[in-house]
Amino acid sequence: MIYVYCAILIVIYVALYFVFGNLFRKLFIKENLSLALQILLGYFVYHFCFYLLCLPLKLSGQSLTLLTILWGIVLLLAVATFIRSHVKRDPKEPEYESGLSVKLRLLVGAFIFLLITLMNVNMQTGALWDQSHYVGEVSTSVYTDSLKGYDMYTGKRTKQIDEEYMLEITESHSAVMCKLFHMHPSVEVRTVRATVNILIFYLLVLQLGMLLFKEEEKRLLFFFFFVVLDLFSYNLHTRAQILIYRAFEGKAVLANLILFMILYLYLVIFKEPEKNQGWIMMFMVIAASFGLNMTSILLVPALFAALMIPLLIAKKDLRGMLLKRSLLCLLPWVPETLFYLWMH
């Protein structure tokens, strides 16, 4: 029965990502995007909005109950706005395109289900030391009704701020959802959150294939290549191991979602650098990345620079529009870095 409840929550999470992605598209991009891309974009918009709400409450030592009430109000307002906008939607507005036939969509879904099943089996047998942090912090927050101020290993009050995880809000979000849906922290973290992360990653792989190839068969083969790669490159030093064995961890989100999304958006920008669409999405992904995993402060600007500097040189745009837009995309990184250095 618990897996049925988990499946319902997973659907709710993905639906909320679509709501936030759709609203962001209408407000800022104002162009049609595929359903999968709106879910992907919504994943980052959703967590960025939660970050903006959570961080001030976390820094000021507010309760988990207050954050849960406020986030519940935000979700209700977002869903109500989404419903209202669709009631008034222009019937001439184009429908969402998947880029795959029904038969191949079912095949892709079967592959994703296989990997999700594999991950959940592994989660029942794995006992890595990091779980004590990811589950322990959520459990402590729920039990003490707090966002910080308690040692997750002993339950004692602490006077010292844990700088390493202060800006990371993933555990705070899990605690909020546990309180909203009366879910045990271990189940929310290791089953719901981990499954959602795998689902989002393979949607991203599918979008990469659709961007790189026009033929449906090549898109499917590209997706299948990633499935095989992840199944047979399974050791402690690969992205696949972190994804399938430890999908609930921040490093899995960074290695598989954040960095891959930046790569995808770079390809979008590379194809049409003059269009605003890719740049706006890139700005949002970079802004949201720091709350999802604090190692993003080091790796996101490094990857972004490694991608954009050759493009600027190739386009001979060292002082022009591309440089200005690149610097704008990195603006969210500046306050995050300064705040992190100040805390240390």
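For the structure itself, look to the data block above.
Structure report, in brief. (Residues numbered from 1 in each chain as written. Predicted model: local features only at pLDDT ≥ 70, side-chain atom pairs only at ≥ 80, totals over all residues. Heavy atoms only, no water.)

### Quick word on the environment of Val192
The topology assignment puts Val192 in helix α7 (residues 185-212). For the pair Val192 and Leu33, spaced 159 residues apart in sequence, the C-alpha to C-alpha distance is 26 Å. Residue contacts for Val192: discarding those within four places in its chain leaves Cys6, Leu9, Ile10, Tyr13, Met183 and Val187. (Helix = DSSP H or I, 4+ residues; strand = E, 2+ residues; numbered from the N terminus. Contact = heavy atoms within 4.5 Å.)

### Some details on unusual backbone geometry
Trans peptide bonds make up the majority, and among non-glycine residues the majority have a negative phi. Even without being a glycine, Lys30 presents a positive backbone phi close to 60 degrees. Examined against the element boundaries, Lys30 turns out to sit in the loop between α1 (2-29) and α2 (35-59). Classification of Lys30 as exposed rests on a relative accessible area of 65%. Positive phi, close to 55 degrees, is recorded for Asp145, a residue that is not glycine. By the secondary structure assignment, Asp145 is in the loop between α5 (131-144) and α6 (170-181). (Buried < 20%, exposed > 50% of the residue type's maximum accessible area, 1.4 Å probe, protein only.)

### Section: helix α3 (residues 64-87)
Spanning 24 residues, α3 covers 34 Å between terminal C-alpha atoms, matching the ideal 34 Å at 1.5 Å per step. Buried within α3 are the following residues: Leu64, Leu67, Thr68, Trp71, Gly72, Leu75, Ala78 and Phe82. Those residues of α3 hidden inside the fold are in contact with α1, α2, α5 and α6. (Expected span 1.5 Å × (residues − 1).)

### Remarks on the packing of aromatic side chains
Under the criterion given, the structure shown has 20 aromatic pairs. On the basis of an interplanar angle of 80 degrees and a centroid distance of 6.0 Å, the ring pair of Phe226 and Phe260 is categorised as edge-to-face. Taken together, the residues Phe226 in helix α8 (residues 216-232) and Phe260 in helix α10 (residues 250-271) connect sequence positions 34 residues apart. Taken together, the ring pairs connect Phe201, Tyr202, Phe213, Phe222, Phe223, Phe225, Phe226 and Phe260 into an aromatic cluster. A cation sits over an aromatic face here: Lys315 above Phe270, 5.9 Å from the ring centre. (Phe/Tyr/Trp six-rings, centres within 6.5 Å; stacked < 30°, edge-to-face > 60°. Lys NZ or Arg CZ within 6 Å of the ring centre and 35° of its normal.)

### Observations concerning the packing of α1 against helix α11 (residues 276-292)
Look at α1 against α11: their axes get within 11 Å of each other, and the N-to-C directions meet at 125 degrees. As far as their axial angle goes, α11 and α1 are oblique. In this structure, the crossing between α1 and α11 has a hand that is right-handed. Where α1 abuts α11, its residues Phe24, Phe28 and Ile29 lie against Gln277, Ile280, Met281 and Met284. Within the contact of α1 with α11, the residues separate by chemical class into 6 nonpolar, 1 polar and no charged. (Axes fitted to C-alpha atoms, helices over the stretch in contact; angles between N-to-C directions. Parallel < 35°, antiparallel > 145°, perpendicular 65-115°, else oblique. Left-handed = near helix turned anticlockwise from the far one by under 90°. Nonpolar A, V, L, I, M, F, W, Y, C, P; charged D, E, K, R; others polar.)

What is shown is where atoms sit, not what they do.
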